[in-house]
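Structure at a glance
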Amino acid sequence: GFVPASRISAIGVSQILKIGARAQAMKRDGAPVIILGAGEPDFDTPDTVKQAAWKAIQRGDTKYTALDGTPDLKQAIREKFRRENGLDYAADEITVATGAKQVLFNAMMATLNAGDEVIIPTPAWTSYSDIVTIAEGKPLCIPCSAQAGFKLTASQLEAAITPKTKWLILNSPSNPSGAAYSTTDYQPLIEVLLRHPHVRLLVDDMYEHIVYDDFRFVTPAALEPRLKGRTLTVNGVSKAYAMTGWRIGYAGGSRELIKAMAVAQSQSTSCPSSVSQAAAVEALSGPQHFLKERTESFRRRRDLVVAGLNAIDGIDCRVPEGAFYTFAGCAGLVGKTTPAGKPIETDTDFSDYLLQEAHVAVVPGAAFGLSPFFRISYATSETELTEAILRIAAACSRLG
Ligand code: PLP
């Protein structure tokens, strides 16, 4: 039979995609499943962005582009970094790829030798450790507790660094926890990094625009200029502009690193889609007012979900600073038994129970490296969220 290469069998299919597929199949069979598993906004791509793509097609921007981004898009990204982050990157310090995911992939392919270590605070987006593994590196997952706000501490970082450490990956606001690092959270980590000049920092700022209340988003390369040369500041248009299907991500970093990443890209995708790049120019340079409106709508949904979950016996949910996820604890339900007599031993059991009995699809904490928790993506209507919370509460009350 077919045997995949070891680099592929080492990672397997993402648990998130598996649960999504099961939920979709149940829905097709007629079950009224509410899917709170998807990591994408339910809003539409702004019309101005769609029009820019259409104009690009009419203009004939339908051919290969420069390897790691058109001059126009690189310029728009430089201006975005300057305007929103106070970061000054030259054109050859910018890279564009087919999604932030390919940016990460290029960065790891370009820098890791077999056995090089990458520090990943968990819970974390699963792709980090899987991409590191494909690139023959060694992911070092550091559990960050709910008590610590799901954030890495300076002493944890200090203890994790070895001579083999290549990267620390930080993601703020975080998928799956919604936790975000303030200046005060970053400062002690930056001090540790300054003492270890061989460690590079990859920050994934994907959810930068989705922050709530009076939280102020900051990015480490802007906080500490001495760190900028070894920081890769990753971002993209997928989440902020509801453009997940356009597949455009980008980053700023040192000229040498950006050049090596372009080599990785040159033998995989050649260049990002020409039409999508034209659309991304409009997203980054055009009107930005809807960002605030959409974030306000996400905030209302966050408040609804957090309050609803915390009212359920056995569930404990921290208020996230950003993104559109909550990572709720279900320690109080582990050890209980379903009406059918099945024990709930893990967060995966609990998520399975919610899907079967409540027809609500969530993702177990195990998929993100920290248990017992479950992730809810609240990028869906308030009506659906309200119904989902009612169903989860009812299902939990039937556990004995
Ligand atoms: N970074 C984080 C933290 C994400 O959650 C995601 C998508 O789920 C990505 C990056 C990937 O984004 P892109 O669509 O640009 O590949």
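Residues numbered from 1 in each chain as written. Predicted model: local features only at pLDDT ≥ 70, side-chain atom pairs only at ≥ 80, totals over all residues.

**Here we look at the overall build of the chain**
Counting its secondary structure elements, the chain contains 15 helices and 13 strands. The globule rule puts the C-alpha radius of gyration for 400 residues at 21 Å, and the 21 Å found for the chain is close to it. When the backbone C-alpha atoms are referred to their principal axes, the chain occupies close to 60 × 55 × 50 Å. Across the 400 residues that make up the chain, the buried fraction comes to 49%. Sequence-distant contacts, at least 24 apart, represent 72% of the contacts inside the chain between residues at least 6 apart. (Helix = DSSP H or I, 4+ residues; strand = E, 2+ residues; numbered from the N terminus. Rg over C-alpha atoms; globule rule 2.2 N^0.38 Å. Buried ≥ 20, exposed ≤ 12 C-beta atoms within 10 Å, placed from the backbone. Contact = placed C-beta atoms within 7 Å.)

**Quick word on the domain arrangement of the chain**
By a widely used convention, the size of an interface equals the accessible area lost when the partners come together. Assigned domains of the chain: these are domain 1 (6-44 + 290-397) and domain 2 (63-285). Averaged C-alpha coordinates put domain 1 and domain 2 at centres separated by 26 Å. The interface of domain 1 with domain 2 comprises 32 residues on the first partner and 30 residues on the second. Going through the elements one at a time, α13 (289-310), β10 (325-329) and β13 (373-377) are the ones with two or more residues in the side of domain 1 that touches domain 2. The element that contributes the greatest number of residues to the side of domain 1 that touches domain 2 is α13, accounting for 5 residues. Its residues assigned to classes, the side of domain 1 that touches domain 2 shows 16 nonpolar, 8 polar and 8 charged. (Domains from an automatic or database assignment. Nonpolar A, V, L, I, M, F, W, Y, C, P; charged D, E, K, R; others polar.)

**With respect to the site of the ligand**
Residues in close proximity to the ligand total 13 residues, the closest being G99, A100, K101, N175 and S238. For the shell around the ligand, the class distribution of residues is 3 nonpolar, 8 polar and 2 charged. (Near = placed C-beta within 6 Å.)

**With respect to the sheet that holds strand β4 (residues 138-143)**
Here 7 strands make up an open sheet; going across it, the order is β2-β8-β7-β6-β5-β3-β4 and the pairing mixed. Pairing within the sheet leaves two strands with one partner each, and these edge strands are β2 (94-97) and β4. Strand-to-strand, the axes of this sheet are offset by a mean angle of 20°, without reference to chain direction. In terms of strand pairing, strand β7 (residues 231-236) meets strand β8 (residues 249-252) through 4 bridges, oriented antiparallel. From the neighbouring strand, T233 faces β8, where its bridge partner is G252. (Pairing = 2+ DSSP bridges. Axes fitted to C-alpha atoms, helices over the stretch in contact; angles between N-to-C directions.)

**Brief notes about the environment of R7**
Turning to its location among the elements, R7 is positioned in helix α1 (residues 6-9). Once the C-alpha coordinates of R7 and Y241 are considered, the two residues, 234 residues apart in sequence, prove to be 33 Å apart.

**Here we look at helix α3 (residues 47-59)**
Since there are 3.6 residues in each turn of an α-helix, residues three or four apart along the chain are aligned in direction. A rise of 1.5 Å per residue sets the reference length of α3, with its 13 residues, at 18 Å; its end C-alpha atoms lie 18 Å apart and thus fit the reference within 8%. The inward-facing, buried residues of α3 contact α12 (274-285). Of the residues flanking the end of α3, it is G60, one or two places downstream, whose phi is positive at about 95°. (Expected span 1.5 Å × (residues − 1).)

**A short note on the packing of helix α4 (residues 71-85) against α12**
It is the contact of α4 with α12, at a shortest axis distance of 9 Å, that shows an interaxial angle of 25°. Between α4 and α12, the angle falls in the class roughly parallel. α12 is crossed by α4, and the crossing has left-handed handedness. In this structure, α4 uses D72, L73, A76, I77, E79 and K80 to contact α12, whose residues at the interface are Q277, A280, V281, L284 and S285. (Parallel < 35°, antiparallel > 145°, perpendicular 65-115°, else oblique. Left-handed = near helix turned anticlockwise from the far one by under 90°.)

**Things to note about the nonpolar core**
Among the nonpolar cores identified, the biggest contains 119 residues, and L36, M108, A328, L354, V360 and I392 are the most heavily contacted of them. Counting residues per element, this core draws most heavily on helix α5 (residues 100-111), which supplies 7 residues. Residue contributions to this core reach at least three from each of two domains, namely domain 1 (6-44 + 290-397) and domain 2 (63-285). In this structure L354 touches V360, V362, I392 and A395, once residues within four positions along its chain are discounted. (Core = buried A, V, L, I, M, F, W, Y, C linked by C-beta atoms within 7 Å.)

**Overview of the packing of α5 against helix α11 (residues 255-266)**
Running from N to C, α5 and α11 cross one another at 105°; their axes reach a closest spacing of 8 Å. When the axes of α5 and α11 are compared, the pair comes out roughly perpendicular. Residues N106, A107, M109 and A110 of α5 form the contact with α11, whose own contacting residues are L257, A260, M261, V263, A264 and Q265. The class makeup of the residues in the contact of α5 with α11 is 8 nonpolar, 2 polar and no charged.

**Examining the sheet that holds strand β9 (residues 316-317)**
Taken in spatial order, the 4 strands make up an open sheet running β9-β10-β13-β12, and their pairing is antiparallel. Either end of the sheet is taken by a strand with one partner, and the two such strands are β9 and β12 (363-364). Examined bridge by bridge, β12 and β13 share 2 bridges and lie antiparallel to one another. When the bridges of β13 are listed, P364 appears paired with F374.

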